[in-house]
Amino acid sequence: MVLPELEYKAEVDKWGQHVRIWGVQDDSMVLELYDVRILVLQAGLVIYEEANDGRPNHEKEGSFTQFNDIDVIVRWLDLESGKEIHQESFMNTKQTPRPVFSIASLVQGETVVVQHQPGQDTLHVFKVGEEGSILSIEQVVFPALTSV
């Protein structure tokens, strides 16, 4: 991506991105995403958001949406299997902030994704198996989160 010379990086981060994901084994492109924003990428899992405008990914080529105060779909993609394992829609993000995600790998080969919705005192903990499926979901309530 060519960055404008006189703009701050924070301004560029508000816009959609064109992302190509390449495979390690056969050195070929696994997936191409248009007009998305990568939220987190770790442990073979990519979590990204796209504008909820009704257009499929292949019709977004060459377009870049400003991701301020729009409806978005957050998708989780397992890079090893190439399948989407979770998606969630967030409406009216001007009133309700988007969630924040964190990914960690466990020794047993599982991956844990923690989702926090700003302004709420709960965490959602998702355990993702090696085969790219959600094994369990737990909700943890921390009243201290809203007072810190």
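The coordinates are above.
What counts and what doesn't
Residues numbered from 1 in each chain as written. Predicted model: local features only at pLDDT ≥ 70, side-chain atom pairs only at ≥ 80, totals over all residues. Heavy atoms only, no water. Helix = DSSP H or I, 4+ residues; strand = E, 2+ residues; numbered from the N terminus. Buried < 20%, exposed > 50% of the residue type's maximum accessible area, 1.4 Å probe, protein only. Areas by Shrake-Rupley, 256 points an atom, 1.4 Å probe, with all protein chains shown as cover. Contact = heavy atoms within 4.5 Å. 1 Å grid on protein atoms, 1.4 Å probe; cavity = no way out; pocket = protein on both sides within 12 Å on 5 of 7 lines; lining within 4 Å. Points joined across faces, edges and corners; volume = space filled by probe spheres on them. Nonpolar A, V, L, I, M, F, W, Y, C, P; charged D, E, K, R; others polar. Core = buried A, V, L, I, M, F, W, Y, C linked by side-chain atoms within 4.5 Å. Salt bridge = Lys/Arg side-chain N within 4 Å of Asp/Glu carboxyl O. Pairing = 2+ DSSP bridges. Axes fitted to C-alpha atoms, helices over the stretch in contact; angles between N-to-C directions.

K.L.:
Hey, could you run me through the overall build of the protein in this one?
P.N.:
Regarding its fold elements, the protein presents one helix and nine strands. Written out in order from the N terminus, the α and β elements of the protein read α-β-β-β-β-β-β-β-β-β. Of all 148 residues assigned to the protein, the portion counted as buried reaches 33%. With an accessible surface of roughly 9300 Å², the protein has 52% of that area assigned to carbon and sulfur atoms.

K.L.:
What exactly am I supposed to notice about the environment of Val-36 here?
P.N.:
Take Val-36: it is sitting in strand E2 (residues 29–42). Look at Val-36 and you get buried, because its relative accessible area is 0%. Among all residues touching Val-36, those that are not within four sequence positions of it are Gly-16, Gln-17, Val-19, Tyr-48, Glu-49, Glu-50 and Phe-67.

K.L.:
Looking at this structure, I do not really get the layout of surface pockets. What am I missing?
P.N.:
Picture a little ball the size of a water molecule; that probe, rolled over the atoms, points out where space is still empty. One number sums up the size of the largest pocket: a volume of about 390 Å³. As for the largest pocket, its lining consists of 20 residues, of which Ala-43, Gly-44, Asp-78, Leu-79 and Glu-80 are closest to the centre. Its residues assigned to classes, the lining of the largest pocket comprises nine nonpolar, seven polar and four charged.

K.L.:
Help me understand the nonpolar core in this model?
P.N.:
Side chains of nonpolar character tend, in soluble globular proteins, to be buried together. Among the nonpolar cores identified, the biggest contains 16 residues, and Leu-45, Ile-47, Val-74, Trp-76, Phe-101, Ile-103 and Val-113 are the most heavily contacted of them. When contributions to this core are tallied by element, the ones reaching two or more residues are strand E3 (45–51), strand E4 (72–78), strand E5 (84–90), strand E6 (100–105) and strand E8 (122–128). In this view, Ile-103 contacts Val-40, Gln-42, Ala-43, Leu-45, Ile-47, Thr-111, Val-112 and Val-113; residues no more than four positions away in its chain are not counted. Counting residues in each nonpolar core, the second largest holds seven residues, with Val-19, Ile-21, Val-36 and Leu-77 among its members.

K.L.:
Hey, could you run me through the pattern of salt bridges in this one?
P.N.:
Any two side chains of opposite charge can pair, given that their charged atoms come close. Under the definition given, this model contains seven salt bridges. Among the ionic pairs, Asp-53 bridges to Arg-55, the shortest N-O distance being 3.0 Å. Residue classification places Arg-55 among the partly exposed residues on the basis of a relative accessible area of 31%. Overlapping salt bridges bring together Arg-37, Glu-49 and Arg-98 as one network.

K.L.:
For this particular structure, what's the right way to read the sheet that holds strand E9 (residues 134–141)?
P.N.:
Two strands in a sheet stick together by hydrogen bonds in their backbones, pointing the same way (parallel) or opposite ways (antiparallel). Read from one edge to the other, the open sheet built from four strands follows the order E6-E7-E8-E9, with strand pairing classed as antiparallel. The sheet is open, and its two edges are formed by E6 and E9, each paired on a single side. Across this sheet, the average inter-strand angle for adjacent strands is 20 degrees, counted without regard to direction. Pairing of E8 with E9, which is carried by seven bridges, proceeds in the antiparallel orientation. Residue pairing across strands places Leu-123 opposite Val-140, the latter belonging to E9.

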